[in-house]
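Next come the chains, spelled out residue by residue.
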Amino acid sequence: MSEVSSIQPGKPFWVGLHFQIKPGWHTYWKNPGDSGIAPSIAWTLPQGFSAGELVYPYPERLPASGLMNFGYKNQVMLLSQITTPGTVNTKEPIQLTAKADWLVCEKECIPENGTFSLSLPVATGTPTVNTRWAKEFEKTRATLPQDSPWQSTADIQGENLILKVNAPQLQASQIKEVAFFPNEDGIINNAAPQKASFDKDGLTLLLERGNRGDVNQVSGILALQEALDGQTPTQAFVIKTQLGAATTTQPGTIASLGLWQVLGLALLGGIVLNLMPCVFPVLSLKALNILQKSNFSKQEVRQRGIVFTAGVLISFLFLAVILLILRSFGQQIGWGFQLQSPVFVSLMAYLLFAVGLSLSGVFIFGASLMGMGQSLAARNGYVGEFFTGVFATVVATPCTAPFMATAIGVALTQTPIVALAIFLVLGFGLALPYLLISFLPGLQKILPKSGAWMETFAQLLAFPMYTATAWLVWVLSQQAGSDGVAAVLFGLVLIGFAVWLHQKTQIISGWGRRFGSITALVVLGFALALAQLPGSIALNVANSNIQQATSTSLNWQPYTPERLTQVRQSGKPVFVNFSAAWCITCLVNERVALNQPETVTAFQAKDVALLKADWTSRDTAITQALAAFGRSGVPLYLLYPANSATPQILPQILSPQEVQQKVKSL
């Protein structure tokens with residue numbers, strides 16, 4: 001229908017598509033919500049005429065079997081403005097034709113369509129109002145969203161989107177109901193409750209965020225139902241605001257966390273980090289140092305504990321500064337970012353291999369292997385304690401322990417001072433068990449006495465270092481392929497030759513000793529040069545396919561945000577595995593929990609789509625997806641039930657029984 005009975009050249013007018021909806025049925029808004037389809041119109045207009053976009057009244061929330069749709073019941077009119085040219089033939093009426101498609105649903109849904117025509121005469125004077133439909137146009141205009149008179153802001157806090165409206169005049173006693181309808185899907189979890197609160201600054205609306213990790217703007221309709229003189233009119237306002245500074249924390253812990261709670265989580269996370277698989281290689285050195293404590297005075301034991309802690313704290317501080325600087329330049333990186341560099345992985349393999357050779361007795365720093373006896377050896381012992389702390393930090397970075405994920409997620413969104421404080425407390429937690437042994441004599445008394453057996457024990461502890469070296473070479477194969485592995489393996493041979501040559505020539509005096517040292521340095525230089533090659537070879541986009549091909553019977557598909565959306569829209573449940581080849585915890589979880597026959601059977605029985613987000617090399621989309629769930633590192637496991645926008649977040653340490661139970665309950 002038209003709002004006017006005739007049209008005037010050069011003057012726009014409004015037309016509407018009116019729906020009279022049967023009881024129990026509904027149709028949809030422009031964002032239909034978790035299911036449904038928005039109405040659409042294809043116009044056929046005379047030459048020079050044009051039609052504007054559909055203008056929708058504010059919708060209502062329509063729950064449906066655990067989902068939430070946005071649409072209309074009873075009746076609705078969708079408006080469109082028609083622009084007329086300045087010159088129109090006044091002798092003949094103009095014909096407007098609209099081919100419309102829409103969906104109506106009760107328990108079942110029926111797609112409908114129709115072609116509608118409207119014939120309007122052309123008049124030279126002011127158009128007359130179409131009295132038949134004037135009231136419907138008036139009622140519809142009363143339900144159209146108006147520009148908001150208030151300033152609004154939006155922030156992401158973990159799993160929540162916080163929408164604030166600076167409207168001090170809004171009072172809780174006057175507002176009966178508040179609802180926010182986003183213009184785009186995936187911004188919020190449509191079915192989750194929307195919690196409104198009021199204070200002296202206005203309205204705060206707590207919304208559960210949706211599955212999209214690329215949100216930088218929040219736009220939609222804010223509907224406020226007021227209680228006035230026994231009536232409950234509703235007003236709707238257009239909300240459009242840029243996303244403010246995000247405070248991302250682990251889902252389920254966000255809004256109530258203050259700084260002291262975050263620091264407490266950081267301390268617990270650092271302590272638990274000692275038990276994570278990533279730290280196992282460095283436990284060799286820590287175990288050796290702990291056993292040595294029975295040979296030192298109480299004062300020296302405490303000094304060594306402080307030096308070790310200093311090594312951990314300075315390393316955490318250094319990593320935090322680099323991470324914050326890179327993120328300030330817009331780099332999409334997270335915890336463990338350095339292991340996404342093939343060059344760094346190569347150098348770490350060299351270092352672990354060299355430490356293993358030292359523990360095996362191939363070469364010795366200082367006067368003796370154990371760093372005991374003389375003052376020179378003691379000084380070397382303190383240096384060793386410091387670098388053991390550095391080493392512990394570097395090796396620990398591939399892991400994200402429980403409690404730690406929340407602390408790091410908050411740290412990466414705070415001011416530099418607060419962020420550095422959180423990282424320092426995290427490092428202190430990592431060093432705390434060792435520090436307690438250093439300062440509590442009761443714990444030291446239970447340590448065995450030193451003796452010749454310790455040299456054999458030290459040599460035995462070299463093998464975890466060699467194992468870690470082999471793991472890093474495998475990680476490199478995922479990043480740089482066989483050519484990168486060949487370069488680093490040859491580099492390891494050169495390191496072995498360099499340390500052997502240096503050790504052998506130390507017993508020769510004069511030029512022979514100097515020649516051996518210089519030659520060893522030259523060989524070591526060649527090894528370091530070879531470590532640069534994997535970085536230039538680099539990893540291509542097929543990295544995820546490489547890992548998938550070497551995986552198991554689980555049918556992993558490479559993750560992309562688009563693929564996740566596509567699979568979810570198909571109605572299948574989805575399991576997303578955020579992993580990396582350098583994350584030992586991830587690999588242990590896959591072997592122990594995910595690749596078990598019973599787990600595979602459970603996935604297949606529920607027809608679960610399996611997506612792997614491989615973060616072995618830097619991937620901006622995966623980094624953003626992790627940040628959307630308050631994480632800055634892997635592992636992260638998401639299980640989306642069918643037709644649900646909100647995933648279940650599984651623990652970072654998986655058990656096969658828990659995974660199977662979650663899948664079977666879908």
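Heads up: the structure comes first, above all this text.
Residues numbered from 1 in each chain as written. Predicted model: local features only at pLDDT ≥ 70, side-chain atom pairs only at ≥ 80, totals over all residues. Heavy atoms only, no water.

1. Regarding the sheet that holds strand S10 (residues 146-147)
Picture the strands of a sheet paired through backbone hydrogen bonds; they go either parallel or antiparallel. Spelled out, the test is: A strand pair is defined by DSSP finding two or more bridges across the two strands. Where helices and strands are cited, they refer to DSSP runs of H or I of at least four residues and of E of at least two residues respectively, numbered from the N terminus.
Strand order across the open sheet formed by four strands is S10-S17-S16-S13, with mixed pairing between neighbours. At either margin of the open sheet sits one strand with a lone partner, and together these are S10 and strand S13 (175-182). Where S10 lies against strand S17 (residues 234-242), two bridges are found, and the strand directions are parallel. Residue Gln146 lies in a different strand from S17, and its bridge partner there is Phe237.

2. Description of the sheet that holds strand S15 (residues 202-208)
The condition is simple: Where helices are involved, their axes are fitted lines through C-alpha atoms of the stretch in contact, as for all axes, and angles between N-to-C directions lie from 0 to 180°.
If you walk across this open sheet you meet the four strands as S11-S12-S15-S14, and the pairing is antiparallel. Of all the strands in the sheet, just strand S11 (151-157) and strand S14 (195-199) have a single pairing partner and so form its edges. Direction aside, the axes of adjacent strands within the sheet are offset by 20 degrees on average. Of the pairings in the sheet, the one linking strand S12 (residues 160-166) to S15 comprises six bridges and is antiparallel in character. Paired with Asn160 across the strands is Glu208, a residue of S15.

3. Focus on the pattern of salt bridges
Using the following cut-off: Any carboxyl oxygen of Asp or Glu that lies within 4 Å of a side-chain nitrogen of Lys or Arg is treated as forming a salt bridge with it. For the exposure calls, accessible area comes from a 1.4 Å probe over protein chains only, and a residue counts as buried if that area is under 20% of its type's maximum, exposed if over 50%, partly exposed in between.
If you walk through the whole model with that rule in mind, you get six salt bridges. Glu3 is the partner of Arg141 in a salt bridge, and the nearest nitrogen-oxygen pair spans 2.5 Å. Highlighted residues: Arg141 in helix H1 (residues 134-142) and Glu3 in the segment before strand S1 (13-20), separated in sequence by 138 residues. On the accessibility criterion, Arg141 (30% relative accessible area) is partly exposed. As a salt-bridge pair, Glu590 and Lys612 come within 3.1 Å of each other at their nearest N and O atoms. Of this pair, Glu590 sits in helix H16 (residues 584-594) while Lys612 sits in strand S20 (residues 609-614), and the two are 22 residues apart along the sequence. Neither Glu590 nor Lys612 differs from the other in exposure class; each is buried.

4. A few points about the environment of Val238
Quick note on the threshold: What makes two residues a contact is simply this: any of their non-hydrogen atoms within 4.5 Å.
Here Val238 shows up in strand S17. We classify Val238 as partly exposed; its relative accessible area is 33%. Taking C-alpha positions, Val238 is 4.9 Å from Ile221, a pair spaced 17 residues apart along the chain. If near-sequence neighbours (up to four positions away) are discounted, Val238 is found in contact with Pro145, Gln146, Asp147, Ser148, Gly220 and Ile221.

5. Regarding the packing of helix H17 (residues 597-605) against helix H19 (residues 656-664)
Worth spelling out the cut-off: What sets the label is the angle itself: under 35 degrees gives roughly parallel, over 145 gives roughly antiparallel, 65 to 115 gives roughly perpendicular, and the rest give oblique. Note: crossing handedness is left-handed where the near helix turns anticlockwise from the far helix by less than a right angle, and right-handed where it turns clockwise.
Between H17 and H19, the shortest axis-to-axis distance is 9 Å and the interhelical angle comes to 10 degrees. By the angle class used here, H17 and H19 are roughly parallel. In this structure, H17 crosses over H19, and the sense of that crossing is left-handed. Contacts between H17 and H19 pair Glu598, Thr599, Ala602 and Phe603 from the former with Pro656, Val659, Gln660, Val663 and Lys664 from the latter.

6. What about the packing of aromatic side chains?
Using the following cut-off: When two rings of Phe, Tyr or Trp (its six-membered ring) have centres within 6.5 Å they constitute a pair, described as stacked for plane angles under 30 degrees, edge-to-face for angles over 60, and tilted for the intermediate range.
According to the stated counting rule, one finds 14 aromatic pairs in the structure shown. With centroids separated by 6.4 Å and ring planes inclined at 70 degrees, the aromatic side chains of Trp29 and Phe70 adopt a geometry described as edge-to-face. Within this pair, whereas Trp29 is found in strand S2 (residues 27-33), its partner Phe70 is found in strand S6 (residues 67-72), the two being separated by 41 residues in sequence. The exposure classification of Trp29 matches that of Phe70, with both residues buried. Between Phe463 and Tyr466, the ring centres sit 5.7 Å apart and the planes meet at 80 degrees, which makes this aromatic pair edge-to-face. Of this pair, Phe463 and Tyr466 are both found in helix H11 (residues 462-505), three residues apart, which corresponds to roughly one turn of the helix. Take Tyr466: its relative accessible area is 22%, and that puts it in the partly exposed class. An aromatic cluster is built from Trp556, Phe575, Phe603 and Tyr637, whose rings are joined through pairwise contacts.

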